[in-house]
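# Coordinate inspection notes
As a plain string of letters, each chain reads:
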Amino acid sequence: AVDTLQHSHHQHPLNLVYLQPPSHKKENVEDEDENEVEFVSAAFVRNRSGHYICVTAPARLVTTHCTTKYDPRCRVCGNRFYSHLWIYKCDKCYYYVHFDCVTKKREPFMSILLTTSLGKTSKNFEEDEHPNLIHCPFQDEGDNIVKRYMSNQHGLIGNSRQREGEMLIHDSHQHALTLFDKQTSVRVSLHDPMKRTQLLCDGCVKPIMSILFYTCCQYGDDECCFVLHEWCAKLPPEVHDYMGHPKHTLFLLPKIPGKFFGVFWCAVCELPSNGFAYGCTKCNYYVDINCAFIPKEITHDSHPNHLLSIVKSPRKQCKACKYGTYGKLVFHCPSCDFYIDVECALLLPRIIKHKIDKHPLTLRYEPAENHIDKYFCEICEDEFDPWKWFYHCSTCAQSMHAACAPLILQCEQNTYADNHREYVYKFLNVKFGGTLEIKDHPHRLAFVQGLESDGRCIKCHGRLQYEMIFKCLEGCDFAFDYWCASSLVNR
């Protein structure tokens, strides 16, 4: 086999190398990577069986991207490398390909080896047979599944001139709601990460980035900042035949009875939420309103041209976060054995903005092109695996965890540095704010996300960073975590 390949779309030669386990252990390193391998250059390959394929390896390789060395995977098949296999690599860009993948003639992208090209993967569905098909990821944080569902099913997203000054009495709030538009006198700043301005809907707990939306008629008061998307104010009262709980009808619940500060854990995405829910109180089954309208089928840019269907997952791995999906609702491509869990598919938008970068950051499904260095999150400063989905600015070569990207108010405090087990931001569906009064303390306690400076809970002495907490507004060194505050109030 040849020891060097010239990539038709890559400016550097690819050298044939042999993978072997590290020759020595590093000293004084606690977190050594168990999968670490050394790359040993080879001048030639001696094939014991004298296979024809090993002496006719192609001189040109039809693949496209460059990757970093961190947790390398083959850019043809996407699988990891094993220590006994030969590979092709780029010394300058850490571009890796299995030796076998270079010579596998049945692969569509290896058409250089074929007399007739197999071409790109063909579409396995007809667009006109799926008129309301959801194409993911959603464009930005202002787009979501509830908006799409209400627009498709009920034709909302109206015209402000037709309904200027509309008033609404909603079961979720004690005051009347006013439709907010450009002529409304109440001053409300839209959600804008670049200005570190946060405005979250009290229904879906997603950013409000455009008009129209409803505000409390007493919004000017600091204690009443209730807001709703136009579509969240017009949700249907019931959901029938829900895939996760088909035996009972789910009813719209602005607040779930008996839940402290309205916080519950969604049965589908397993994230905490204090927004609206659909639930069955008889079975104690609740889902947030985003998960209530999960479509049966979607398409996703990470797996183009193939239809993904919602299923209950076998013992598989999510393509986005690499975590196990056993027993969860996931989107699945039966043709390719491809799985994405619901939260990664529906809660990570294509584009996100953050003050750390003047450009929009794009969701990436694999390492970025022409990025030589290792990947470090600009928010928490931890190194991360670029084979897990992340956000990246190619202009500035800046990246961040998908879980860190929504942090626009607490980013300087590195509020998510060691909590990446939840690949989607842990409190993406929680709207912090509001106060609590207790008998054991003279001042009001604010409902916030814990920072490192908040120390430990005065009751259980657990660390408050990365948790939902209640802390004194007057600067006292007094704070509870959510569970201790709940037990204190309910005792």
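Residues numbered from 1 in each chain as written. Predicted model: local features only at pLDDT ≥ 70, side-chain atom pairs only at ≥ 80, totals over all residues. Heavy atoms only, no water.

The protein chain has the name DC1 domain-containing protein in an unreviewed UniProt entry, where Ambrosia artemisiifolia is given as its organism.

### Let's talk about the overall build of the protein chain
Scanning the protein chain from terminus to terminus reveals 6 helices and 29 strands. In the protein chain, which comprises 491 residues, the proportion classed as buried is 49%. Within the protein chain, contacts between residues separated by at least 24 positions form 57% of all contacts whose residues are at least 6 apart in sequence. With the model as given, the accessible surface of the protein chain reaches about 25100 Å², and the carbon-plus-sulfur share is 47%. (Helix = DSSP H or I, 4+ residues; strand = E, 2+ residues; numbered from the N terminus. Buried < 20%, exposed > 50% of the residue type's maximum accessible area, 1.4 Å probe, protein only. Contact = heavy atoms within 4.5 Å. Areas by Shrake-Rupley, 256 points an atom, 1.4 Å probe, with all protein chains shown as cover.)

### Regarding the pattern of salt bridges
Taken as a whole and judged by the stated rule, the model has 9 salt bridges. In this structure, the salt-bridge partner of K123 is E127, at a minimum N-O distance of 3.3 Å. With its nearest N and O atoms 2.6 Å apart, the salt bridge here joins R350 to D301. Of this pair, R350 sits in the loop between α5 (342-347) and β22 (351-354) while D301 sits in the loop between β18 (297-300) and β19 (308-312), placing them 49 residues apart in sequence. On the accessibility criterion, D301 (39% relative accessible area) is partly exposed. Three or more residues are tied together by salt bridges with common partners; here these are K328, D341 and E343. (Salt bridge = Lys/Arg side-chain N within 4 Å of Asp/Glu carboxyl O.)

### Overview of the packing of aromatic side chains
The full count for this structure, using the stated rule, is 21 aromatic pairs. Measuring from centroid to centroid gives 5.5 Å for Y278 and F293, while their planes differ by 85 degrees, and the two rings are edge-to-face. Taken together, the residues span a long stretch of sequence, with Y278 in strand β16 (residues 277-280) and F293 in the loop between α4 (289-292) and β18 at a distance of 15 residues. As far as burial versus exposure is concerned, Y278 and F293 are alike and both buried. A connected cluster of aromatic rings, assembled from ring pairs, spans F260, F261, W265, Y425, F427, F432, F447, F470, Y482 and W483. For the cation-ring pair, R315 lies above Y326, with the distance from its terminal atom to the ring centre recorded as 4.2 Å. (Phe/Tyr/Trp six-rings, centres within 6.5 Å; stacked < 30°, edge-to-face > 60°. Lys NZ or Arg CZ within 6 Å of the ring centre and 35° of its normal.)

### A look at the nonpolar core
If you look at the biggest cluster of nonpolar residues, it comprises 106 residues, and the most contacted ones within it are V268 and V287. If near-sequence neighbours (up to four positions away) are discounted, V287 is found in contact with Y242, L250, F264, C266, A267, V268, A277, Y278 and A292. (Core = buried A, V, L, I, M, F, W, Y, C linked by side-chain atoms within 4.5 Å.)

### Structural notes on unusual backbone geometry
Cis geometry is found at the peptide bond from C136 to P137, where omega equals 0 degrees. Tracing the backbone shows P137 in the loop between β7 (134-136) and α3 (145-154). In this structure, L212 follows I211 across a cis peptide bond, with omega equal to 15 degrees. Following the sequence through the fold, L212 ends up in the loop between β9 (177-180) and β10 (213-216). The backbone phi angle of D241 is positive, close to 55 degrees, even though this residue is not glycine.

### Structural notes on the side chain of H130
Position of H130 relative to the elements: it lies in the loop between α2 (99-103) and β7. Residue H130 is classed as buried on the basis of its relative accessible area of 18%. Among residues more than four places away in sequence, those in contact with H130 are F125, E297 and L307.

### With respect to the side chain of K322
Along the chain, K322 turns up in the loop between β19 and β20 (329-333). In this structure K322 is buried but unpaired, with D385 as the nearest side chain of opposite charge at 7.0 Å. (Lys, Arg positive; Asp, Glu negative; His and termini not counted.)

### Section: the sheet that holds strand β26 (residues 435-436)
Across the sheet, which stays open at both edges, the 4 strands sit in the order β26-β27-β28-β29 with antiparallel pairing between neighbours. Each edge of the open sheet carries a strand with a single partner, namely β26 and β29 (479-481). With 5 bridges joining them, strand β27 (residues 445-449) and strand β28 (residues 468-472) adopt antiparallel strand pairing. Residue pairing in the sheet places F447 in a bridge with F470 of β28. (Pairing = 2+ DSSP bridges.)

### Some remarks on the sheet that holds strand β8 (residues 167-168)
In spatial order, the strands read β8-β9-β10-β11; together these 4 strands make up an open sheet with antiparallel pairing. Whereas interior strands pair on both sides, the edge strands pair on one side only; in this sheet they are β8 and β11 (227-229). As paired strands, β9 and β10 are joined by 4 bridges and run antiparallel to one another. Each bridged residue has a counterpart across the sheet, and for L177 the counterpart in β10 is C216.

### Description of helix α6 (residues 482-490)
Considered for burial, the residues of α6 that qualify are Y482, C484, A485, S486 and L488. Of the surrounding elements, those touching the buried residues of α6 are β14 (264-265), β26, β27, β28 and β29. The N-terminus of α6 is capped by D481, whose side-chain oxygen sits 3.1 Å from the backbone nitrogen of W483. (Polar contact = N/O pair within 3.5 Å; in protein donor to acceptor, adjacent residues only side chain to side chain.)

### Some thoughts on the environment of F427
By the secondary structure assignment, F427 is in the loop between β25 (398-401) and β26. Every residue in contact with F427, bar those within four places of it in the chain, is listed here: P272, F432, Q449, Y466, E467 and M468.

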